[in-house]
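# Per-entry structural report
The primary structure of each chain is shown beneath.
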Amino acid sequence: NAGVTQTPKFRILKIGQSMTLQCTQDMNHNYMYWYRQDPGMGLKLIYYSVGAGITDKGEVPNGYNVSRSTTEDFPLRLELAAPSQTSVYFCASRSRQGASEQYFGPGTRLTVT
Amino acid sequence: GESVGLHLPTLSVQEGDNSIINCAYSNSASDYFIWYKQESGKGPQFIIDIRSNMDKRQGQRVTVLLNKTVKHLSLQIAATQPGDSAVYFCAENMGAGGTSYGKLTFGQGTILTVHP
């Protein structure tokens with residue numbers, strides 16, 4: 001199993017551009033999460049999903065959108081990128097309600113200039 | 001909002017020593033607490049968790065202690081090795097039971113450096 005995979009690994013965007021960060025998991029997990037990690041800080045939850053077709057906002061959803069059309073995929077969309085969105089983005093999945101462990105992908109490092 | 005924080009941002013130890021990393025939390029309703037290890041350039045890796053109805057839990061070379069009276073969490077690493085060098089985060093689930101959906105609040109992190 002590959003676990004949680006994310007693409008791209010790195011990306012530089014100009015202010016106002018848009019992009020989609022891809023996340024795929026092959027563990028058949030229902031729960032998926034997007035976090036951002038700013039330098040020297042812990043992770044903050046952007047959006048999460050409890051299953052295909054169901055998504056909801058986390059702590060810091062402004063400027064982002066998500067969709068969950070399949071169990072495997074949970075893409076994160078950035079519209080009108082801003083310098084404040086420069087960060088490392090991590091996708092994670094969890095198997096079931098009651099499980100504590102989340103499995104993280106390797107991250108996407110995004111710079112907006 | 002609720003937050004999780006750390007007392008010590010950096011910790012340097014000698015190989016073979018025991019390490020203790022501390023964390024303060026504020027959400028009394030959290031069901032569980034987790035410690036994650038993050039190596040440079042990688043995603044966080046689960047180390048150990050502890051449920052709110054427990055005081056102590058042991059894993060391989062690690063022990064987590066939970067003091068609900070003072071809302072304090074600690075991670076003890078026995079016989080610390082150079083491979084343990086990383087950033088360690090504590091995290092708590094937001095809310096209680098079925099309402100949390102596994103949403104986590106992370107602390108700032110502690111940098112552990114192990115010298116050979």
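The text that follows walks through the structure, step by step, so that each part is easy to find. (Residues numbered from 1 in each chain as written. Chains lettered and ligands numbered in written order. Predicted model: local features only at pLDDT ≥ 70, side-chain atom pairs only at ≥ 80, totals over all residues. Heavy atoms only, no water.)

A few words now on the interface of chain A and chain B. At the interface, 23 residues of chain A touch 22 residues of chain B. Here chain A packs against chain B, burying approximately 1700 Å² in sum over the two surfaces, 54% of which is carbon and sulfur. Of all residues in chain A, the largest losses of buried area upon contact with chain B belong to Leu43, Ser100 and Phe104 of chain A, amounting jointly to 28% of the total for that side. Across the chain A-chain B interface, the total number found is zero salt bridges. (Contact = heavy atoms within 4.5 Å. Buried area = accessible area lost by both parts, 1.4 Å probe. Salt bridge = Lys/Arg side-chain N within 4 Å of Asp/Glu carboxyl O.)

Time to look at the state of the cysteines. By the definition in use, this model includes two disulfides over all chains. The disulfide partner of Cys23 of chain A is Cys91 of chain A, and the gap between their sulfur atoms is 1.8 Å. A torsion of -70° about the S-S bond marks the disulfide between Cys23 of chain A and Cys91 of chain A as left-handed. A residue pair is termed long-range when its members are at least 10 positions apart, and Cys23 of chain A in strand 3 (residues 19–25) and Cys91 of chain A in strand 9 (residues 87–94) qualify at 68 residues. The exposure class assigned to Cys91 of chain A is buried, which follows from its relative accessible area of 0%. Each disulfide pairs two cysteine sulfurs, and for Cys23 of chain B the partner residue is Cys90 of chain B, the sulfurs being separated by 1.9 Å. Judged by the sign of its S-S torsion, about 60°, the cystine formed by Cys23 of chain B and Cys90 of chain B is right-handed. A residue pair is termed long-range when its members are at least 10 positions apart, and Cys23 of chain B in strand 3 (residues 19–25) and Cys90 of chain B in strand 9 (residues 86–93) qualify at 67 residues. Pair check on accessibility: Cys23 of chain B and Cys90 of chain B agree, each one buried. (Disulfide = S-S within 2.5 Å. Helix = DSSP H or I, 4+ residues; strand = E, 2+ residues; numbered from the N terminus. Buried < 20%, exposed > 50% of the residue type's maximum accessible area, 1.4 Å probe, protein only.)

Sheets are built from strands that pair by backbone hydrogen bonding, the pairs being arranged parallel or antiparallel. Residue and element names in this part refer to chain A. Read from one edge to the other, the open sheet built from four strands follows the order 1-3-8-7, with strand pairing classed as antiparallel. Of all the strands in the sheet, just strand 1 (4–7) and strand 7 (64–66) have a single pairing partner and so form its edges. Within this sheet the neighbouring strands show an average axis-to-axis angle of 20°, counted without direction. (Pairing = 2+ DSSP bridges. Axes fitted to C-alpha atoms, helices over the stretch in contact; angles between N-to-C directions.)

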